Amino acid sequence: MRDAAIMAADLLGWYDRHARDLPWRVAPEAGRAGQRADPYAVWLSEVMLQQTTVAAVKSYFTRFLELWPDVGALAAADDAQVMGEWAGLGYYARARNLLKCARVVAGAHDGAFPDTAEGLRALPGIGPYTAAAIAAIAFDRPEAVVDGNVERVMARLFRVETPLPTAKPELRDRAAEMTPRARPGDYAQAVMDLGATICTPKRPACGICPWQADCRARAAGVAADLPARAAKKPKPVRHGVAFVGRRSDGAWLLERRPDGGLLGGMLGWPGGGWDDTHAPVPPAEADWRDPGAEVRHTFTHFHLRLALRVAELPADCRPERGDFVVGLRPSDLPTVMRKAFDMARSTLDLA
Ligand code: SF4
């Protein structure tokens, strides 16, 4: 294998020609002309990209920047509006931390993000990976930025056969060894692009890879088999109930979920705790019907089966839980709650 600095220079040359066009990115030629990445945009994109694909994030990122073009604007935003705009992106603790972080940066830091990984890590919602990514991309710090793409590239380049997640520290060390002092921000994005477009999970296109002459997995003919992964435990199945109620004036009975838990701070249908230990109590007295329909949704750690109960509620309904929402936008609901809404409407033909 060649010297790391020479390999990094080759990869940067490839990146200059083939960088993906992403709305939060400063293109390499613009970077060379002196344009700097906006730390706010880098931070916003990195938080959105945690556990979420580039394709899913693009439209949310553009919408957030239109509504809140800088960190001060986001810090002053209405919480419910931000949670509503985040709906559908998942992992809702990120949205709550996004607001907390914006308010710390706008307040304690006078609107300027810290320019080191260490300083960034002290902010709400910013872990080691996100801190390294922002420090590298926004401030050109030589931080090793290791996401799933980079792990895959390193596992193949160095033919690391230890399965993930055990191999993580070794892959991080390899990524750090490879990180150059010159253009580290572009380099971080270049390795990610290599993993996303050439060194792909199933069929790596080694024939057009700038590191093909150096790659140990390619030489051994095992590229597509790496990285190895420990067998996954099957996810448990949990059950719950969603009470979808509509008042005669068209308002829907919803509740805001408690901040700390799953889907915290988001709007949702009243129901049980999804833990099989509490019988679900209806949020209001009504003729709740069981349409025999079940919403299925998968979270990171479990599959959820949500039984529906549907009712038309009288105009003078006084719910014990939740509030009526007039003019509900289904897009304000997290995905699982939107599935319940769609199913209730189609099952009972509610308009
Ligand atoms: S040669 Fe193939 S396996 Fe190795 S880094 Fe390039 S694309 Fe990945």
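For clarity, every value in this text was computed on a predicted model and none was experimentally measured.

A. View of the overall build of the protein chain. Helix and strand counts for the protein chain come out as 14 helices and six strands. Its C-alpha atoms give the protein chain principal-axis dimensions of roughly 75 × 50 × 30 Å. Long-range contacts, defined as pairs at least 24 residues apart, comprise 69% of the intrachain contacts of the protein chain with a sequence gap of at least 6. In the protein chain, 45 side chains carry a positive charge and 43 a negative one; their mean positions are 5 Å apart.

B. Looking closely at the domain arrangement of the protein chain. According to the domain assignment, the protein chain contains domain 1 (4–225) and domain 2 (237–348). Of note, the centres of domain 1 and domain 2, computed from C-alpha atoms alone, are 36 Å apart. For the domain 1 and domain 2 pair, buried surface summed over both sides reaches about 840 Å², with 49% attributable to carbon and sulfur atoms. Joining domain 1 to domain 2, the criterion identifies one salt bridge. Across the salt bridge formed by glutamate 85 and arginine 329, the nearest N and O atoms sit 3.6 Å from each other. Here domain 1 and domain 2 share three residue pairs in polar contact (both at pLDDT 80 or more) between them. Sort the elements by how many residues they give to the side of domain 1 that touches domain 2 and helix 6 (residues 79–86) lands first, with four residues. Grouping the constituent residues of the side of domain 1 that touches domain 2 by class yields five nonpolar, two polar and two charged.

C. Just the packing of aromatic side chains, in detail. Under the counting rule described, the total for this entry stands at 11 aromatic pairs. Both rings, one in phenylalanine 243 and one in tryptophan 288, keep their centres 5.1 Å apart while their planes meet at 75°; by these two values the pair is edge-to-face. Of the two residues, phenylalanine 243 is situated in strand 1 (residues 237–247) and tryptophan 288 in the loop between strand 3 (267–268) and strand 4 (294–298); the sequence distance between them amounts to 45 residues. The residues phenylalanine 243 and tryptophan 288 share a single accessibility class, namely buried.

D. The arrangement of the environment of threonine 116 in detail. Here threonine 116 lies in the loop between helix 7 (93–107) and helix 8 (117–121). Judged by its relative accessible area of 30%, threonine 116 is partly exposed. As for threonine 116 and aspartate 275, which are separated by 159 residues in sequence, their C-alpha atoms are 42 Å apart. Ignoring any residue separated from it by four or fewer positions in sequence, one finds threonine 116 in contact with Ala135 and Arg141.

E. Geometry of the pattern of salt bridges. The final tally for this structure, using the stated rule, is 20 salt bridges. Measuring nitrogen to oxygen at the nearest pair gives 2.8 Å for the salt bridge that ties arginine 247 to aspartate 249. Notably, a salt bridge pairs arginine 329 with aspartate 332, separated by 2.7 Å at the nearest N-O pair. Among the charged side chains, a network of salt bridges with common partners joins Asp16, Arg32, Arg183 and Asp186.

F. Spotlight on the site of the ligand. Around the ligand, the structure places Arg156, Ile198, Cys199, Cys206, Cys209, Gln212, Cys215, Arg218 and Ala223. For the shell around the ligand, a count of residues per class yields six nonpolar, one polar and two charged.

G. Structural view of helix 6. Val82, Met83, Gly84, Glu85 and Trp86 are the residues of helix 6 that are buried. Its buried side turned inward, helix 6 meets helix 3 (39–49), helix 4 (54–67), helix 5 (71–75), helix 7 and strand 2 (252–256). Remark: glycine 88 follows helix 6 within two positions and exhibits a positive phi of approximately 100°.

H. Summary view of unusual backbone geometry. A cis amide bond links leucine 164 with the next residue in sequence, proline 165, at an omega value of 5°. Structurally, the position occupied by proline 165 is in the loop between helix 10 (148–157) and helix 11 (168–178). Even without glycine at this site, glutamine 51 takes up a positive phi of about 65°.

I. Spotlight on the pairing of strand 5 (residues 303–313). Pairing geometry for strand 1 and strand 5, over 11 bridges, is parallel. Bridge pairing in strand 5 links alanine 242 to leucine 308. Here strand 4 runs beside strand 5; their pairing, made up of five bridges, is antiparallel. Paired with glutamate 294 across the two strands is alanine 307, which belongs to strand 5. Between the antiparallel neighbours strand 4 and strand 5 lie four residues.

J. Summary view of the nonpolar core. Within the largest apolar cluster, 107 residues are counted, with the highest numbers of intra-cluster contacts made by Trp43, Met154, Trp211 and Trp269. A domain split of this core shows at least three residues from each of domain 1 (4–225) and domain 2 (237–348). Dropping the residues within four chain positions of it, tryptophan 269 is found in contact with Ala242, Phe243, Val244, Trp252, Leu253, Leu254, Glu255, Leu328, Leu333, Met337, Ala340 and Phe341. Grouped together as the second largest cluster of nonpolar side chains are 10 residues, Ala311, Leu313, Cys317 and Phe324 included.

Rules of the game
Residues numbered from 1 in each chain as written. Predicted model: local features only at pLDDT ≥ 70, side-chain atom pairs only at ≥ 80, totals over all residues. Heavy atoms only, no water. Helix = DSSP H or I, 4+ residues; strand = E, 2+ residues; numbered from the N terminus. Contact = heavy atoms within 4.5 Å. Lys, Arg positive; Asp, Glu negative; His and termini not counted. Charge placed at Lys NZ, Arg CZ, Asp CG, Glu CD. Domains from an automatic or database assignment. Buried area = accessible area lost by both parts, 1.4 Å probe. Salt bridge = Lys/Arg side-chain N within 4 Å of Asp/Glu carboxyl O. Polar contact = N/O pair within 3.5 Å; in protein donor to acceptor, adjacent residues only side chain to side chain. Nonpolar A, V, L, I, M, F, W, Y, C, P; charged D, E, K, R; others polar. Phe/Tyr/Trp six-rings, centres within 6.5 Å; stacked < 30°, edge-to-face > 60°. Buried < 20%, exposed > 50% of the residue type's maximum accessible area, 1.4 Å probe, protein only. Near = heavy atom within 4 Å. Pairing = 2+ DSSP bridges. Core = buried A, V, L, I, M, F, W, Y, C linked by side-chain atoms within 4.5 Å.

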